[in-house]
Amino acid sequence: MRRNSPEPGLTARQRLTLFHNTSVSAEQALNLDISQISFQYLVSKNVPPVNIVSAGMKPHLLKKIGAETPGALRRIGFDALYLVDPIFCSEMNGAYGADAVVETFLATPADAVALAGSEAMDILNITLQQLLETCAGAPVEASTVLTQAWNEQSTDSVVASTLLDTGLRAQALSRHGYSPVLLAQHTGATPAQLRLMGF
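Residues numbered from 1 in each chain as written. Predicted model: local features only at pLDDT ≥ 70, side-chain atom pairs only at ≥ 80, totals over all residues. Heavy atoms only, no water.

Trainee: Which residues make up the overall build of the chain, and what values do they have?
Mentor: A tally of helices and strands in the chain yields 16 helices and 0 strands. Taken over the C-alpha trace, the chain has a radius of gyration of 22 Å; the compact-globule value for 199 residues is 16 Å, which it surpasses by more than 25%. Expressed as lengths along the three principal axes of its C-alpha atoms, the size of the chain is roughly 80 × 25 × 20 Å. Counting every position in the chain, which comprises 199 residues, the buried fraction comes to 43%. Sequence separation of at least 24 residues holds for 67% of the intrachain contacts in the chain that already meet a minimum separation of 6. Across the chain, 13 positive and 17 negative side-chain charges occur, with their mean positions spaced 9 Å apart. (Helix = DSSP H or I, 4+ residues; strand = E, 2+ residues; numbered from the N terminus. Rg over C-alpha atoms; globule rule 2.2 N^0.38 Å. Buried < 20%, exposed > 50% of the residue type's maximum accessible area, 1.4 Å probe, protein only. Contact = heavy atoms within 4.5 Å. Lys, Arg positive; Asp, Glu negative; His and termini not counted. Charge placed at Lys NZ, Arg CZ, Asp CG, Glu CD.)

Trainee: How would you explain the pattern of salt bridges if you had to name every residue and give the values?
Mentor: According to the stated counting rule, one finds 2 salt bridges in the structure shown. A salt bridge links Lys-58 to Glu-91; the nearest nitrogen and oxygen atoms lie 3.4 Å apart. Here Glu-91 lies in helix H7 (residues 86-96) and Lys-58 lies in the loop between helix H4 (49-54) and helix H5 (59-64), a separation of 33 residues in the sequence. Two residues, Arg-74 and Asp-111, come together in a salt bridge whose shortest N-O distance is 3.1 Å. You can see Arg-74 sitting in helix H6 (residues 70-75) and its partner Asp-111 sitting in helix H9 (residues 109-115), a full 37 residues away along the chain. For Asp-111, a relative accessible area of 5% gives the class buried. (Salt bridge = Lys/Arg side-chain N within 4 Å of Asp/Glu carboxyl O.)

Trainee: Describe the environment of Pro-109, listing the residues and the values that go with them.
Mentor: Looking at where Pro-109 falls in the secondary structure, it is placed in helix H9. Its relative accessible area of 23% is what places Pro-109 among the partly exposed residues. In this structure, Pro-109 is in contact with Thr-134, Cys-135, Ala-138 and Glu-141, ignoring residues within four places of it in sequence.

Fair warning: the whole summary comes from geometry, so function is off the table for now.
Next up, the structure:
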């Protein structure tokens, strides 16, 4: 049986990496016509994100073969930690646009922790306010976000009601260098809100 020549950009090694530890045998992987390697095919064969990334399949290629939205990537196991890699993050931004990527991958407190302080914040224009909004009712994660992403400029975008929603209170806020005066200056916290925070 004659093997198809892998197309440029999808070498024999990439094919073997892509289908490693899946139901696709090495022989099948090497003989697949390039047109058969669709996103739906990857999903049907339970190809994990680590294989896709290790095989060098970039987001624009995944989009081209059928992953029309970032949500398609999230559904097969890509998460916010992949965006910590600035190259992958930039490629996601180029393929899908920042708004769609942020909407998909900044959905849980764990996502906020993963992205806080990373280059993804700059690449995708993510503010500290957005990270903390995602941490509503999650004071531990919100505290971690502040540890990783806090600076005086970043707090200018944070509103006091968001801090209250996270469950952060005076003890934790003080550990991060927030005094009542700073909170009033940077978040617009009112005396009533400061009292609710425990100051």
